[in-house]
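These are the residues of each chain, in order.
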Amino acid sequence: MRIGLAGVGRIGAFHAKTLAALDFVDELVVTDADLGAAKTVADELGAQVAPDTETLLASGVDGFVITTATPAHAPLLRQGIAAGVPTFCEKPVASTLDETIGLAELVASTGVPVHVGFQRRFDAGYRRARAAVESGELGFVHTIRANTHDQAPPHASYIPTSGGIFRDCNVHDFDILRFVSGREVVSAYATGANKGADFFAAAGDVDTAGALLTLDDGTIVLVSSTRYNGAGHDVRMEVHGEKGTIAVGLDHSLAMRSAEEGVDFPRGPQKWSFMERFLPAYQAELTAFAEVARGERTSPCTVRDALEAFRIAEACERSRAERRPVALSEIKGI
């Protein structure tokens, strides 16, 4: 397959390297607003360079992968859809709720396959947790805990366009919560704080956040996030049920240590970034995208899914700002 990729920043270069190593990719074509950066990545991977997205889409690509900065996602996704090219887009698909709704409606009206990059859906641990819930192995589920704790904050320049910690960071938790539980969020009560660098507060953001969510069957969900987890990158989920509990991310790479005497768990080594933590999941999601592009399966993570995760993030941000519980019915959807 001939795959085109737009955006060779940190995640874009990572996806390009992942694609170049996958068997189904015969040719990789990359582009970026910084053509010098695109050429550097292309030279390293033996890929081709397109001068712009229009040229890339017109070059006979079988699939289009969008890994630019967030503000460019929606325009590029519209370009891919207009060209009729199956498209993979990193989250979020747009910077605002209205834009996301518009894209969901556009995809529904055109039928062009779009796969959104929520890679946790392809992680073995989360898939095992989903199976445990679906099979009834845990009995009824009463509590879920989910966290995304980054080892260190991103560059200050990233924060003003990130959308905030709930839309940028916890949106992964919100999507995988829907995937694992099979339920929808009906209310959110969220808070946040700043103890780190000043650039978070300057952008109207926080560096640490928490949310209490309620699902449509009464299940309670506790979600947390931080940009400062010096012990390592820590992404986990616990699903507590009537008959048992299952945990995702509970292995020897766990980014914490026990205070109990004689306990040697976890032994390490820790993981230090989301790319290290989820490499197999990234490979699996791009392989799934190839199947979508070839018409062998429907999208495993649609723009409608992305919209629902975005709505939860929007409710959390509104709750944090207004210091009150927010019902999901207050957040516009389709």
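Residues numbered from 1 in each chain as written. Predicted model: local features only at pLDDT ≥ 70, side-chain atom pairs only at ≥ 80, totals over all residues. Heavy atoms only, no water.

## Describing the overall build of the protein chain
Going by this rule: Secondary structure elements are defined from DSSP: runs of H or I of at least 4 residues count as helices, runs of E of at least 2 residues count as strands, and each element is numbered from the N terminus. When we talk radius of gyration, it's over C-alpha atoms, and the globule rule is simply 2.2 Å times the number of residues to the 0.38. Pairs of residues are marked as contacts when any of their non-hydrogen atoms sit within 4.5 Å. For every accessible area listed, the method is Shrake-Rupley and the probe measures 1.4 Å; residues are considered covered only by the protein chains on display. Charge convention: Lys and Arg are scored as positive, Asp and Glu as negative, and His as well as the terminal groups of each chain are ignored. Working definition for charges: the position is that of NZ of Lys, CZ of Arg, CG of Asp or CD of Glu.
Along the protein chain, the regular secondary structure elements total eleven helices and 13 strands. Here the C-alpha atoms of the protein chain give a radius of gyration of 20 Å, agreeing with the 20 Å that 2.2 N^0.38 yields for 334 residues. Based on the C-alpha atoms only, the size of the protein chain along its principal axes is roughly 60 × 45 × 45 Å. For the protein chain, contacts bridging at least 24 residues in sequence account for 69% of all contacts bridging at least 6. Accessible surface for the protein chain amounts to roughly 14400 Å². Of this, 52% is attributable to carbon and sulfur atoms. Separation of charge centres in the protein chain, based on 32 positive and 44 negative side chains, amounts to 4 Å.

## Regarding the UniProt feature "domain: Gfo/Idh/MocA-like oxidoreductase N-terminal" (unreviewed entry) in the protein chain
This is how it is decided: UniProt positions are given in the numbering used here, feature names are shortened, and annotations may be inferred rather than shown by experiment.
When the UniProt feature table is mapped onto this chain, "domain: Gfo/Idh/MocA-like oxidoreductase N-terminal" (unreviewed entry) is found at residues 1–118. Here residues 1–118 runs as 43% helix and 20% strand, with 22 Å between its end C-alpha atoms.

## Considering the pattern of salt bridges
Applied cut-off: Salt bridges, as used here, are contacts in which a Lys or Arg side-chain nitrogen is within 4 Å of a carboxyl oxygen on Asp or Glu.
The final tally for this structure, using the stated rule, is 29 salt bridges. Note that Arg-183 and Asp-217 form a salt bridge whose closest N and O atoms lie 4.0 Å from each other. In this pair, Arg-183 is assigned in the loop between α7 (165–181) and β8 (185–193) and Asp-217 in the loop between β9 (208–215) and β10 (220–226), connecting sequence segments 34 residues apart. Several salt bridges converge on common partners, so that one network encompasses Arg-121, Asp-175, Arg-178, Glu-184 and Asp-305.

## Here we look at empty space enclosed by the protein
The cut-off we apply is this: Think of a 1 Å grid over the protein atoms and nothing else: a 1.4 Å probe that fits but is trapped marks a cavity, an open set flanked by protein within 12 Å on at least five of seven lines marks a pocket, and residues with an atom within 4 Å of a point count as lining. Grid points are joined across faces, edges and corners, and a volume is the space filled by probe spheres set on the points.
Scanning the entire structure with this criterion turns up two cavities of 30 Å³ or more. The space that makes up the largest cavity amounts to roughly 50 Å³. In terms of lining, the largest cavity is formed by His-233, Asp-234, Val-235, Gly-249, Ser-253, Leu-254, Ala-255, Lys-271 and Arg-277. In this model, the second largest cavity occupies a volume close to 40 Å³. Lining the second largest cavity are Lys-91, Pro-92, Val-93, Thr-100, Phe-118, Val-171, Ala-306 and Phe-310.

## Some details on the sheet that holds strand β4 (residues 63–66)
Our working definition: Strands are treated as partners if at least two bridges between them are detected by DSSP.
One open sheet holds the six strands; their spatial order is β3-β2-β1-β4-β5-β6, and the pairing between them is parallel. Looking at which strands have only one partner, the edges of the open sheet turn out to be β3 (48–49) and β6 (114–117). One ladder, built from five bridges, connects strand β1 (residues 2–6) with strand β2 (residues 27–31); its direction is parallel. Paired with Ala-6 across the strands is Thr-31, a residue of β2.

## Overview of the environment of Ala-38
Its location among the elements puts Ala-38 in helix α2 (residues 35–45). Along the sequence, Ala-38 and Phe-199 sit 161 residues apart, while their C-alpha atoms lie 29 Å from each other. Beyond its immediate sequence surroundings of up to four residues, Ala-38 is in contact with Val-8, Val-30, Thr-31, Asp-32 and Val-49.

## With respect to the pairing of β6
Test applied: The buried label applies to any residue whose accessible area, calculated with a 1.4 Å probe on protein chains only, is under 20% of its type's maximum; exposed applies above 50%, and partly exposed to all values in between. Orient the strands so they point away from the viewer, and a crossover whose first-strand-to-second-strand path over the helix runs clockwise is right-handed.
Both faces of β6 are covered, namely the face carrying Val-114 and Val-116 and the face carrying His-115 and Gly-117. Note: strand β5 (residues 87–90) against β6, four bridges, orientation parallel. Note on β6: the bridge partner recorded for Phe-88 is His-115. Of the crossover connections in this fold, the one passing from β5 over helix α5 (residues 97–110) to the parallel β6 is right-handed.

## Examining the sheet that holds strand β7 (residues 141–149)
Quick reminder of the rule: A fitted line through C-alpha atoms serves as each axis, taken over the contacting stretch for helices, and the angle formed by two N-to-C directions is quoted from 0 to 180°.
Read from one edge to the other, the open sheet built from seven strands follows the order β12-β11-β7-β10-β9-β8-β13, with strand pairing classed as mixed. Of all strands in the sheet, those bounded by a partner on one side alone are β12 (245–248) and β13 (326–327). In terms of strand pairing, β8 meets β13 through two bridges, oriented antiparallel. Residue pairing in the sheet places Ala-188 in a bridge with Val-326 of β13. Running over the sheet, helix α6 (residues 124–135) touches β7, β11 (234–241) and β12 and is turned about 160° from β12. Against the sheet, helix α11 (residues 303–322) makes contact with β8, β9 and β13, and its axis sits at roughly 50° relative to β8, the strand it touches most.

## Brief notes about the side chain of Arg-277
Topologically, Arg-277 is positioned in helix α9 (residues 274–277). With relative accessibility at 13%, the residue Arg-277 sits in the buried group.

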